[in-house]
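Each chain is listed here by its residues.
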Amino acid sequence: LHHFIMSSWLKIADNISNISSFKFESMQFITLIYSSIILIFLYKILKELEIEDKNKIIPILLFSFYPLYIFMSGSINNDELVTMFAVIELFYLIRWQKNPSMKNAVIIALCIGLGLMTKTSMIVMLVPTIYVYFKKLIEFVNSDRSIRKLLIELFVFFVISSTLGLWFQIRSLINNLNTLGIIQPYEYLSIANESIFARFGISNIFKSSNVNIWNYLIYSSLNFVVSEKVTAYNIIMAILVITLIVDIIYFIFKNIKSYKVLFITLLTWWISYFYLNISMPYTCSMHSRYMVVPISIGIIYLGLGMKNEKNKVLKIQVYISSTTIFLMSIFKFILY
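Our subject in this report is the structure included herewith.

What counts and what doesn't
Residues numbered from 1 in each chain as written. Predicted model: local features only at pLDDT ≥ 70, side-chain atom pairs only at ≥ 80, totals over all residues. Heavy atoms only, no water. Helix = DSSP H or I, 4+ residues; strand = E, 2+ residues; numbered from the N terminus. Buried < 20%, exposed > 50% of the residue type's maximum accessible area, 1.4 Å probe, protein only. Contact = heavy atoms within 4.5 Å. Areas by Shrake-Rupley, 256 points an atom, 1.4 Å probe, with all protein chains shown as cover. Lys, Arg positive; Asp, Glu negative; His and termini not counted. Charge placed at Lys NZ, Arg CZ, Asp CG, Glu CD. Core = buried A, V, L, I, M, F, W, Y, C linked by side-chain atoms within 4.5 Å. Expected span 1.5 Å × (residues − 1). Phe/Tyr/Trp six-rings, centres within 6.5 Å; stacked < 30°, edge-to-face > 60°. Lys NZ or Arg CZ within 6 Å of the ring centre and 35° of its normal. Salt bridge = Lys/Arg side-chain N within 4 Å of Asp/Glu carboxyl O. Axes fitted to C-alpha atoms, helices over the stretch in contact; angles between N-to-C directions. Parallel < 35°, antiparallel > 145°, perpendicular 65-115°, else oblique. Nonpolar A, V, L, I, M, F, W, Y, C, P; charged D, E, K, R; others polar.

### Observations regarding the overall build of the protein
And step 1. Helix and strand content of the protein: 15 helices and 0 strands.
And step 2. Summarising its shape, the C-alpha atoms of the protein cover approximately 60 × 60 × 45 Å along the three principal directions.
And step 3. Per-residue burial over the protein gives 48% buried out of 336 residues.
And step 4. Counted over contacts in the protein with a minimum sequence separation of 6, partners at least 24 positions apart contribute 72%.
And step 5. By element, 68% of the accessible surface of the protein is carried by carbon and sulfur atoms, the whole surface being about 17600 Å².
And step 6. Taking the average location of the 28 positive side-chain charges in the protein and that of its 17 negative ones, the two points are 5 Å from each other.

### What to know about unusual backbone geometry
And step 1. At E50, a position not held by glycine, the phi torsion is positive, near 60 degrees.
And step 2. As for its position among the elements, E50 is in the loop between α3 (28-48) and α4 (53-65).
And step 3. In this structure, D144 is a non-glycine residue whose phi angle is positive, near 60 degrees.
And step 4. Structurally, D144 can be placed in the loop between α8 (126-142) and α9 (148-174).
And step 5. Among the residues examined, D144 registers a relative accessible area of 75% and is labelled exposed.

### Quick look at helix α11 (residues 213-223)
And step 1. When you tally the buried positions in α11, you get 10 out of 11 residues, the bulk of the element.
And step 2. For α11, the complete set of buried residues consists of I213, N215, Y216, L217, I218, Y219, S220, S221, L222 and N223.
And step 3. Just beyond α11, the residue with positive phi is F224, at close to 65 degrees.

### Considering the nonpolar core
Within soluble globular proteins, side chains that are nonpolar generally end up buried alongside one another.
And step 1. By size, the foremost hydrophobic cluster in this structure holds 89 residues, and its most contacted members are I45, L49, L262 and I300.
And step 2. A per-element tally of this core places helix α6 (residues 79-98) first, with 13 residues.
And step 3. In this view, I45 contacts V87, L90, F91, I94 and I300; residues no more than four positions away in its chain are not counted.

### Focus: helix α12 (residues 232-254)
And step 1. In this model α12 runs 33 Å from its N-terminal to its C-terminal C-alpha over 23 residues, within 8% of the 33 Å that 1.5 Å per residue would give.
And step 2. Turning to α12, its buried residues number three or more, namely Y233, N234, I235, M237, A238, L240, V241, L244, D247, I248, F251 and I252.
And step 3. Those residues of α12 hidden inside the fold are in contact with α4, α5 (67-73), α11, α13 (260-279), α14 (292-308) and α15 (312-335).

### Details of the packing of aromatic side chains
And step 1. Summed over the entire model, instances satisfying the criterion amount to 18 aromatic pairs.
And step 2. Look at Y250 and F251: their rings are 5.4 Å apart centre to centre, the planes differ by 55 degrees, and that puts the pair in the tilted class.
And step 3. With a relative accessible area of 0%, F251 lands in the buried category.
And step 4. Counting every residue linked through ring pairs, the aromatic cluster contains F200, W214, W270, Y273 and F274.
And step 5. Directly above the aromatic system of F41 lies the positively charged group of K44, at a separation of 5.8 Å from the ring centroid.
And step 6. Seen from the ring of F140, R145 lies directly overhead, with NZ or CZ sitting 3.9 Å from the centre.

### Topic: the pattern of salt bridges
And step 1. In this structure the tally under the stated criterion is 8 salt bridges.
And step 2. K254 is the partner of E309 in a salt bridge, and the nearest nitrogen-oxygen pair spans 2.9 Å. Residue E309 is found in the loop between α14 and α15, and its partner K254 is found in helix α12; the two are separated by 55 residues along the sequence.
And step 3. Given a relative accessible area of 44%, K254 falls into the partly exposed group.
And step 4. Bridged by salt links that share partners, the residues E48, R95 and K98 form one connected network.

### Some points on the packing of α6 against α8
And step 1. Where α6 contacts α8, the two axes come as close as 10 Å, and the packing angle between them is 5 degrees. Between α6 and α8, the angle falls in the class roughly parallel. In contact with E89, L93, W96 and Q97 of α6, α8 contributes P128, T129, V132, Y133, K135 and K136.
And step 2. A class-by-class count of the residues in the contact of α6 with α8 yields 5 nonpolar, 2 polar and 3 charged.

### So, the side chain of T83
And step 1. Locating T83 in the fold gives a position in helix α6.
And step 2. Beyond its immediate sequence surroundings of up to four residues, T83 is in contact with I38, V292 and V293.

In C-alpha cells form, the structure reads like this:
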C-alpha cells in the first residue's frame, strides 16, 4: 500500500517538476501527513482515556518533539504508514471496548487490513483486538445479553481484514511467487556470533553499541542512525530517556489492572520485537522505528501515571526530564 501511494504521488509530481531531486524529496510530504495523523490520534487516545489537559502536556510534547517522531515524519519507508494504522486501530479498539458498534468494528478491520497491506508487522495488533473482543463476548454471556450483534461484527471484521490483508499474498501464490515472511538483511549486518549477554544484557550507556539491543534502541531513537561517536549531548539525552523509562515502568505496574488493552498491546509488541531479534540477529532488527507503537504506549502511561500520582517529587522529576528532552530535541533539529 505504501509503495502504491508513493508511486502515485510521483506520478503527480511528474506534472509539477522535471527535477528528480525535488520529486524524491517531495515524498516526505506523504510521511509528514502520516505523522500528523499519528499525532492527532495519539491525542485522541489521551482524550479517550480521560486524561486531563494538564496531564496531556508531557505526552504531547514527547509525541511532537522526541527525535524519533521527527525522524519518522521524514522517513520514506513503510514504517510510518503501518504505525499510523496501528495507532488509529488502538484508538478505535479502546472505543469499541466502551461501545461495541459496527462502525468501530469496520474501522478496526480496515486498519488491520490496510496495515497488513503495508507491512506484515501489523499482525501484532490482532492480539489485543482478539483479547478485547473475547473479553467483551464473555461480559455479554455472563450478563445474559444477546451476542448476535457481536458475532455479526466479528464476521464483518474477518471478511474485511482478511480480504485486504491477504489478497496480495494469495495473488502471489497463484502466480507461483512467495511473498510471505520477511526479507533477510545483508550478512555484514549480522550479529549472530555475539554473546547473549552482549546482545541482551546491561550496556554501557556512555558508548553507543551496534550489538546491544537496549543501547541501540535508545541511540537509534535519538539519532536514527547510530554512529560510534557519542557526544555529551547524546549522553545527557540517553540518561534522561532512561530516567523516563524507569518512570514508565513504575506507572505501568501501578496502572496495569486499569488499562489492560494498553498493557496487552505493549506486551505483544515487545514479544514480537524480541522474536524478530532472536530469529533475525542483525543490527537493523534492533532499530527503534519498529517500536514507535510501544514507545507511544509508554508515553501514554506517563500521562496516566501523572493523572493519579500523589508523589510531588516524582511528578516534578517527570516534568523536568520531559521538558529537558523537549528543549534539547528542538535545539538539535534547529542546528541539524
